[in-house]
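# Topology and contacts: notes
What follows is the residue order along each chain.
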Amino acid sequence: MKKYIWPFLILSFTYCQEKAAPPEPILPIPNERQIAWQELQYYGFVHFNMNTFSDREWGFGDEKPEQFNPTALDTRQWARIAKEAGMKGLIITAKHHDGFVLWPSKYTEHSVKNSPWRDGKGDLIQEFVDACREEDLKVGIYYSPWDRNHPDYGKPEYVTYMRNQLTELLTNYGEIFEIWFDGANGGTGWYGGANEERKVDKFSYYDWPTTIDLVRKLQPNAMLFSDAGPDVRWVGNEHGFAYETTWSNLMRDSVYAGMPEFSEKWATGQENGTHWVPAESDVSIRPGWYYHAYEDHKVKTLPELMEIYYKSIGQNSSLLINFPVDRRGLIHEKDEEAILKMAAKIKEDFATNLVKGATLKSADDRGKGYEVKNLADGDFDTYWTTPDGQIEASVELDFGKNVSFNRLLLQEFVNLGQRVKAFSLEKEVNGNWEKIAEGTTIGYKRILRFADTEAQKIRINFLDGKGIPIISEIGVFSAPALLFPPKISRTPEGKVSITAAEESQQIYFSLDGNAPKIGENAYSEDFEVLEATTVQAIAVDSKSGKTSEVARVDFDLAKGNWKPITSDSNANWAIDEKSQTYWTSTENELELDLRDEVNLSGFTYLPMQARYPSGYISEYSLEVSLDGKTWKGISKGEFSNIQNSPIEQMVRFDQAAARFIRFKALKTTDRNPATFGEFGVLTR
Ligand code: FUL
Ligand code: CA
């Protein structure tokens, strides 16, 4: 009898012990709508609309509905790919800046109902919604407030039009999980034929509070996205990158959609932000948001996509990756391949959570109900925390044997407010603790990447915070190394060099437009490329036998002989084949002597890539001359969306003979003197 009493006593004692009091929240905290949304983390964007057919990023508004004519549109293909990629929803551009709408709206003729597609009887939003529901994907709507087609844009009547259309979208298609209000407004537009510049006061014109009330009434569970939220905010760039320090707290009342200083001042959130407005990182799988055949070889590589994953989802943000659906009405094969590779790599990186086999302990537990076991139960809603007032605390993990790892994942139980401001990871080496990595904020999810490390025991230290740390989950992983594609570069004189990421890699290349073949054309030294040539290269790792993705660069004429016509010797920075250098022109133009007559069929302009942008050219003209005296205008136009997405701009025109070129900035985004990251010509 006796020997059974002790276990019984201990058992009943622990049972009677009361659950410790729960920690108090620290405001702001997410509401129910935001709590449901934060679990999604990863969803897709579809940019498919009039621009797909006009080959633009921003249509002017004068396009004709007849232009909209996909040949093989299949929304089920989009939904299948999104699902296979692990996305939880899709958001579609129901109306972009050019004003064309993808559903037969009662309020405009500028819609699919006047297009040849499905004989004018189609409703693309309906097809999109049906496909998403079949794959169990959530449905989101992008709606551009700026409308370059509508005659009333700028007047109160237009705001009514916008609300009428939103009412259609939010009434007729079932549950919508997110509504995406774009802050862009570039001013000029067709506006029903007026053809003028219309700037509105972005703060007051749309009367957002009334629109928000309408949306809440029609779709109470929908998250409202804009720079200013109210529910989810823009991350402030179009690279898909959140920040080392990213707060979900935002001084929301100081922000409105499209405000010029948003990225710099507000995009990271604020420690003392008054409202819960988490970040969403948006990025396109190609340079542009819309499909352009000339970007078929610029689909993001696996290393680029993984960088995005770790800098968005890994830095307290959701991730919205865009598919520029092509003219057929399909996600392009290359985009599909890229997104599925990314999905496979994410699975691989997080295949085994080493915490599962580890023993966890902490001297800093709050007590019953909040023990360390909650950190490894795979349940976000159970958490470990410390007694009131104890901000500094540690959790120790013993793997039982030496293990190798290179990722640390942490989740804060943000439902009680975001808190942690500093944390570190250490490993035990002969009884001493050595730092491996550190971070600032955690938020819903934080993932640290560091070099492969071996240890039996590690320790996570919570060093500073707005209050006691409340942690839901810990993960420790060993992500297999990624093989980076080689880097191809050229000097102005035309010397091409190709570099591998690791010394153990052999490079093979091709110059004939065909994919490089392993074993053929091994790269050993730089070579000359003076004319338009496509260089492609692949790396093979001699240790693992693994091959990289193919890198490709389309070179055109080498620039070694070119002479800028200006007294400013720095103008060479505009043609030095280096993307990081740039030239500022007080004359707002770049004039070149190519020293040879060439047949031009276009040009490229890379805006400056340095950290603090200035003088991006938003409207340009290009003139050519054979003698440097008489000039002929060849091309004139706008670089759409260059402010938010400073990618290389490519302009094509009918062939023109030229020895001299004058590339003029008619307007810059910030009215500062024009800057030139890199200028190039196209001759094929
Ligand atoms: C920006 C727009 O101007 C782009 O065209 C694109 O739609 C992107 C997602 O948002 O503000
Ligand atoms: Ca848990």
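Residues numbered from 1 in each chain as written. Chains lettered and ligands numbered in written order. Predicted model: local features only at pLDDT ≥ 70, side-chain atom pairs only at ≥ 80, totals over all residues. Heavy atoms only, no water.

Now for the sheet that holds strand β21 (residues 495–499). Taking strand neighbours across the sheet as the criterion, the three strands line up as β20-β21-β23 in an open arrangement whose pairing is antiparallel. Sheet topology places β20 (487–490) and β23 (527–528) at the edges, where each strand pairs with a single neighbour. In terms of strand pairing, β21 meets β23 through two bridges, oriented antiparallel. Across the sheet, residue Val496 finds its bridge partner in β23, namely Phe527. (Pairing = 2+ DSSP bridges. Helix = DSSP H or I, 4+ residues; strand = E, 2+ residues; numbered from the N terminus.)

Time to look at the UniProt feature "domain: F5/8 type C" (unreviewed entry) in the protein chain. Under the local residue numbering, the UniProt record ascribes the feature "domain: F5/8 type C" (unreviewed entry) to residues 343–479 and 513–684. With 5% helix and 52% strand, the stretch residues 343–479 has end C-alpha atoms that lie 14 Å from each other. Strand forms 48% of residues 513–684 and helix 0%; the C-alpha atoms that close the span are 13 Å apart. (UniProt positions renumbered as here; feature names shortened; annotations may be inferred.)

This part covers the side chain of Gln77. Looking at the secondary structure, you find Gln77 in helix α4 (residues 75–84). The exposure class of Gln77 is buried, given its relative accessible area of 11%. Ignoring any residue separated from it by four or fewer positions in sequence, one finds Gln77 in contact with Leu330, Ile331 and Glu336. (Buried < 20%, exposed > 50% of the residue type's maximum accessible area, 1.4 Å probe, protein only. Contact = heavy atoms within 4.5 Å.)

All right, on to the coordination of the calcium ion (ligand 2) then. Note on metal geometry: ideal angles are 109.5 degrees for four donors arranged tetrahedrally and 90 or 180 degrees for six donors arranged octahedrally. Coordination of the calcium ion (ligand 2) by the protein involves Asn374 (O), Asp377 (OD), Asp379 (O), Thr382 (O), Thr382 (OG1), Ser472 (O) and Glu473 (OE), with metal-donor separations of 2.2 to 2.6 Å. Linear spacing of the donor residues for the calcium ion (ligand 2) on their chain is N-x2-D-x1-D-x2-T-x89-S-E. When its relative accessible area of 0% is taken as the criterion, Ser472 is described as buried. Owing to a relative accessible area of 9%, Glu473 belongs among the buried residues under this scheme. (Donors = N, O, S within 2.8 Å, 3.2 Å for Na, K, Ca; no water.)

Glancing now at the packing of aromatic side chains. Scanning the entire structure with this criterion turns up 48 aromatic pairs. Their ring planes at 10 degrees and their centres at 4.0 Å tell us that Trp180 and Phe225 sit as a pair that is stacked. With Trp180 in strand β4 (residues 178–181) and Phe225 in strand β7 (residues 223–225), the pair connects residues that are 45 residues apart, well separated along the chain. By the burial criterion, Trp180 is buried, and Phe225 matches it. (Phe/Tyr/Trp six-rings, centres within 6.5 Å; stacked < 30°, edge-to-face > 60°.)

Close approach of charged atoms allows side chains of opposite charge to pair. Within the structure shown, the criterion is met by 45 salt bridges. In this structure, the salt-bridge partner of Arg328 is Asp326, at a minimum N-O distance of 2.6 Å. Judged by its relative accessible area of 27%, Arg328 is partly exposed. Salt bridges here are not isolated pairs; linked through shared partners, they connect Glu589, Glu591, Glu623, Arg662 and Lys664. (Salt bridge = Lys/Arg side-chain N within 4 Å of Asp/Glu carboxyl O.)

The volume enclosed by the second largest pocket comes to roughly 670 Å³. If you go around the second largest pocket, you meet 29 residues; those closest to its centre are Asp55, Arg56, Glu638, Met650 and Val651. Sorting the residues of the lining of the second largest pocket by element identifies β30 (632–638) and β31 (649–668) as the ones contributing at least two each. Its residues placed into classes, the lining of the second largest pocket shows 10 nonpolar, 10 polar and nine charged. (1 Å grid on protein atoms, 1.4 Å probe; cavity = no way out; pocket = protein on both sides within 12 Å on 5 of 7 lines; lining within 4 Å. Points joined across faces, edges and corners; volume = space filled by probe spheres on them. Nonpolar A, V, L, I, M, F, W, Y, C, P; charged D, E, K, R; others polar.)

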